[in-house]
Amino acid sequence: MRHHKLALCAEHYGEWFVAQTERAIEKYRMFSRDERVLVAVSGGKDSLALWDALLRLGYHADGLYIALGINDPIPYSDASLEKTRKFVDSGEWRVAKDDAPLAPRPTLYIVDIPAAYGKTIPEIARAKMRGQGRPCAACGLTKRYVMNRLALEKGYTVLATGHNLDDEIAVLFQNTLRWQTGYLARQAPVLPASREGLVKKVKPFCRFYERETATYALARSIDYIYDECPHAGGNLTNFYKTLLNQLETESPGSKLSFYLEFLRARGEGAFEQFNRVEELHACELCGQPTSAPERCAFCRMWNVSRIVE
Ligand code: Q46
Ligand code: ZN
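Residue numbers here run from 1 along each chain, matching the order of that chain's written sequence. Each chain is given a letter, starting from A, and each ligand a number, starting from 1, according to the order in which they appear as written. Only residues with pLDDT of at least 70 get local features here, since the model is predicted, and only at 80 or more are side-chain atom pairs given and counted; chain-wide, interface and lining totals rely on the full set of residues. Working from all heavy atoms in the structure, the side-chain values ignore hydrogens and water.

Caption draft 1: Looking closely at the sheet that holds strand β1 (residues 36-41). Each pair of strands is called paired provided DSSP finds at least two bridges between the two strands. Helix numbering and strand numbering both begin at the N terminus, where a helix is a DSSP run of H or I of at least 4 residues and a strand a DSSP run of E of at least 2. Strands sit in the order β3-β2-β1-β4-β6-β5 across an open sheet of six strands; the sheet is mixed. Of all strands in the sheet, those with a lone pairing partner are β3 (108-112) and β5 (190-191), marking the two edges. Sheet analysis places β1 next to strand β2 (residues 60-67), joined by six bridges and oriented parallel. Opposite L38, over in β2, you have D62 as the bridge partner. It only takes one pair of heavy atoms within 4.5 Å for two residues to be counted as in contact. Here the axes come from fitting lines to C-alpha atoms, over the contacting stretch only for helices, and the angles between their N-to-C directions go from 0 to 180 degrees. In the packing of helix α3 (residues 76-90) onto the sheet, the strands contacted are β1, β2 and β3, and the crossing angle to β3 comes to about 165 degrees. Lying on the sheet, helix α6 (residues 136-153) is in contact with β1, β2, β3, β4 (158-160) and β6 (200-202); it crosses β2 at an angle near 140 degrees.

What follows is the structure in structure tokens.
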């Protein structure tokens, strides 16, 4: 790890990684040991590594997998669910840090979108969001809604996602290029539950390079899905990641300092004036907070208000 001037063997790397995770949780006051954490798992390296690290640290962490029905042209959703199930069944997470007592078996919640709502994500996107090309807008809306609602209904105070440094700075770069000040004001390792009906959102891996989370998953023999979602190809975020990787090659440490200096400026209030509190009220169908006057965007798109586990 050139940027840290550090070289470690697999065993010590795992310890370093878990300790760094805990440091981030404490530094940004993400959550305490008394809180119940719901980890959004996709079957990929970041989310499974996050779940593993939190369990090793002794946190009460359960998982939520959202089956999107994306199985064309490759069986992406089916394969990623299989990897997620395998992670829970394998018991890999039982190897606790520092010989701590074995973690109890975590719960895995599965929300199957096509089974619950009658359409896959690509199908609902085609039906309701014509002309927008990729199904990512429908997908993102559905995932955000299901994560928040299930976390609330099951009594979790925190929702943790596996976003890493590369993810965060790609978004930061995009928002900076367009001076999206409102988005910049809201980009942070912790998004507090600003009102009733919203759960706190945290990103404990926000300071890890993508390579570091992949290395941890390999060091821990976590079997994760290598394929990306077939709709991810060619998106702008990946293009920005490539640009930022070129920068990192020329100037090691640039990616981390871009992010940390942004957080410093943000912490000093550089974007405070843009942090507008949106007026929200309860959706008339499902009760979730929404800025829309009647039904929330999820209920309008799916034309339903139930959530099926
Ligand atoms: S899963 Fe969904 Fe991503 Fe696939 S359809 Fe787009 S948003 S690319 S994280
Ligand atoms: Zn609603």
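So that's the structure; there's more coming.
Caption draft 2: Local environment of helix α7 (residues 165-177). Expected span, for any helix, means 1.5 Å times one less than how many residues it has. Between its terminal C-alpha atoms α7 stretches 18 Å, which fits the 18 Å expected from 13 residues at 1.5 Å a residue. For α7, the set of buried residues is L165, D166, D167, E168, I169, A170, L172, Q174 and N175. Residues of α7 that are buried make contact with α8 (181-186), α9 (210-219), α10 (236-250) and α11 (254-267). N or O atoms closer than or at 3.5 Å make up a polar contact, with two conditions inside protein: a donor-capable atom paired with an acceptor-capable one, and, for residues adjacent in sequence, both atoms drawn from side chains. Measuring from the backbone nitrogen of D166 back to the side-chain oxygen at the start of α7 gives 3.0 Å, which picks out N164 as the cap. One or two steps after α7, the chain reaches W179, where phi turns positive at roughly 45 degrees. A 1.4 Å probe rolled over the protein chains alone gives each residue an accessible area, and that area as a share of the maximum for its type sets the label: buried under 20%, exposed over 50%, partly exposed in between.

Caption draft 3: Quick peek at the packing of aromatic side chains. The aromatic pairing rule takes the rings of Phe, Tyr and Trp, using the six-membered ring of Trp, and pairs them if the centres are within 6.5 Å, calling planes under 30 degrees apart stacked, those over 60 edge-to-face and the rest tilted. The final tally for this structure, using the stated rule, is 18 aromatic pairs. Aromatic pair F17 and F208: ring centres 4.0 Å apart, planes at 10 degrees, arrangement stacked. Separated by 191 residues along the polypeptide, F17 in helix α1 (residues 10-27) and F208 in the loop between β6 and α9 bring together distant segments of the chain. According to the relative accessible area criterion, F17 is buried, its value standing at 0%.

Caption draft 4: Layout of the nonpolar core. Grouped together as the largest cluster of nonpolar side chains are 50 residues, with contacts concentrated most on F31, V37, V39, W51 and L54. Ranked by residues supplied to this core, first place goes to helix α2 (residues 45-56) with seven residues. Among all residues touching V39, those that are not within four sequence positions of it are S47, L50, W51, L54, A61, D62, G63, L64 and A160. With 37 residues, the next largest nonpolar core counts A40, I121, L141 and I225 among its residues. Take the buried Ala, Val, Leu, Ile, Met, Phe, Trp, Tyr and Cys residues and link them wherever side-chain atoms come within 4.5 Å; each set so joined is a nonpolar core.

Caption draft 5: The arrangement of the coordination of the zinc ion (ligand 2) in detail. In this structure, C283 (SG), C286 (SG), C296 (SG) and C299 (SG) serve as the protein donors to the zinc ion (ligand 2), at separations of 2.3 to 2.4 Å. For the zinc ion (ligand 2), the four donor atoms in the first shell make angles of 105 to 113 degrees at the metal, so the coordination geometry reads as tetrahedral. In terms of primary sequence, the donors binding the zinc ion (ligand 2) are separated according to C-x2-C-x9-C-x2-C. In this pair, C286 sits in the loop between β7 (281-282) and β8 (289-290) while C299 sits in helix α12 (residues 297-302), placing the two residues 13 residues apart along the sequence. Note on C286: relative accessible area 16%, which makes it buried. Water is absent from the atoms considered, so a metal site may look incomplete; donors are defined as N, O and S atoms within 2.8 Å of the metal, or 3.2 Å for Na, K and Ca. In short, tetrahedral needs four donors with all angles between 85 and 135 degrees, square planar needs four and octahedral six donors with opposite donors over 155 degrees apart and all other angles between 65 and 115, and whatever is left is irregular.

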